[in-house]
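# Residue-level structure breakdown
Chain by chain, the residues run as shown.
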Amino acid sequence: MISIPQAPQKMTVEEYLEWEAQQEIRHEYVNGEVFAMTGSTIPHNDLALNFYRNLYPHLRSRGCRINVSDVKLQVSFQSRYYYPDVIVSCDPQDLNSRTLIQNPKIIVEVLSPSTSAKDRDEKFTCYLKIPTLQEYILIDSQKIFVERYCRGEGRMWL
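A few points on the structure. For every chain, the first residue of the written sequence is number 1, and numbering continues from 1 along that sequence. In keeping with the predicted nature of the model, local features appear solely for residues at pLDDT of at least 70, side-chain atom pairs appear and are counted solely at 80 or more, and the whole-chain, interface and lining totals rest on all residues. As a convention, hydrogens and water are excluded, and side-chain values are obtained from all of the structure's heavy atoms.

### Describing the pattern of salt bridges
Rules: Salt-bridge detection follows one rule: a side-chain nitrogen of Lys or Arg within 4 Å of a carboxyl oxygen of Asp or Glu. By definition, any uninterrupted DSSP run of H or I lasting at least four residues is a helix, any uninterrupted run of E lasting at least two residues is a strand, and each is numbered from the N terminus. Burial classes: relative accessible area under 20% of the type maximum marks a residue as buried, over 50% as exposed, and values in between as partly exposed (1.4 Å probe, protein chains only).
All chains considered together, the criterion is met by nine salt bridges. Note that Lys118 is salt-bridged to Glu28, the shortest N-O span being 3.6 Å. Here Lys118 is found in helix α4 (residues 116–127), whereas its partner Glu28 is found in strand β2 (residues 27–30), with 90 residues between them in sequence. Here Arg80 ties to Glu122 by a salt bridge, and the two come within 3.4 Å at their closest N and O atoms. Here the residue Arg80 occupies a position in strand β6 (residues 80–82), and Glu122 occupies one in helix α4, the gap between them amounting to 42 residues. Residue class for Arg80 comes out buried when judged on its relative accessible area of 16%. Each of Glu28, Glu109, Lys118, Asp119 and Lys123 takes part in one network of salt bridges that share partners.

Pasting the structure below:
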């Protein structure tokens, strides 16, 4: 996905959530700024869907939910809302949510030339601070390459 600044004006979280619910396209929110999420390529979409399709039977039987692209992740109530390519949560609060995920277990981002830097830097830094997150997976859409980061003991990531 390509993120493009929507407007120079800043929004509060409350304004963003109310406004974004009425929009036809998705928008990420970072520290008051809103970024429109444009369409992805077919290979990008295929990678996310293949990941989903392979995990779905294993996760549903364990009481977890898995979603692709159009589900908002609340990274921080006051400052960050993203749309990961694939997100898994086993948290009871998330299983009943109709608007967003707050306690992800696995986050997957499919990298493209336009999103790779943001996924590896800004999002990587934010996601690793989520206490429930156990795995962060980056899938390169241009070549056969996958990076998997797993939470080890304490705060260590492997």
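Now that the structure has been shown, we can carry on.
### What to know about the sheet that holds strand β4 (residues 65–68)
Stated precisely, the cut-off is as follows: Paired strands are those between which DSSP finds at least two bridges. Throughout, an axis means a line fitted to C-alpha atoms (over the contacting stretch in the case of helices), and angles, computed between N-to-C directions, take values from 0 to 180 degrees. Note on definitions: a residue-residue contact is assigned when non-hydrogen atoms from the two residues lie within 4.5 Å.
Strand order across the open sheet formed by five strands is β4-β7-β9-β10-β11, with mixed pairing between neighbours. One side of each edge strand has no neighbouring strand; the edge strands of this open sheet are β4 and β11 (146–150). The mean inter-strand angle of the sheet, taken between neighbouring strand axes irrespective of direction, is 10 degrees. The sheet contact formed by strand β9 (residues 106–111) and strand β10 (residues 135–140) spans six bridges and is parallel. Residue pairing in the sheet places Val110 in a bridge with Ile139 of β10. Packing against the sheet, helix α2 (residues 42–60) makes contact with β4, β7 (86–89), β9 and β10, and its axis sits at approximately 170 degrees to β4.

### Side note on the state of the cysteines
Going by this rule: Only a pair of cysteine sulfur atoms within 2.5 Å counts as a disulfide in this structure description.
The full count for this structure, using the stated rule, is one disulfide. There is a disulfide in this structure between Cys64 and Cys90, and the S-S distance comes to 1.8 Å. Classification of the bridge connecting Cys64 and Cys90 rests on its S-S torsion, roughly 100 degrees, and on that basis the disulfide is right-handed. Here Cys64 is found in the loop between α2 and β4, whereas its partner Cys90 is found in the loop between β7 and α3 (92–95), with 26 residues between them in sequence. Owing to a relative accessible area of 5%, Cys64 belongs among the buried residues under this scheme. The class of Cys90 is partly exposed, set by a relative accessible area of 26%. Free cysteine Cys126: the closest other cysteine sulfur is in Cys150, separated by 20 Å. Cysteine Cys150 is unpaired, with the sulfur of Cys90 as its nearest cysteine sulfur at 15 Å. Residue Cys150 is classed as buried on the basis of its relative accessible area, which comes to 16%.

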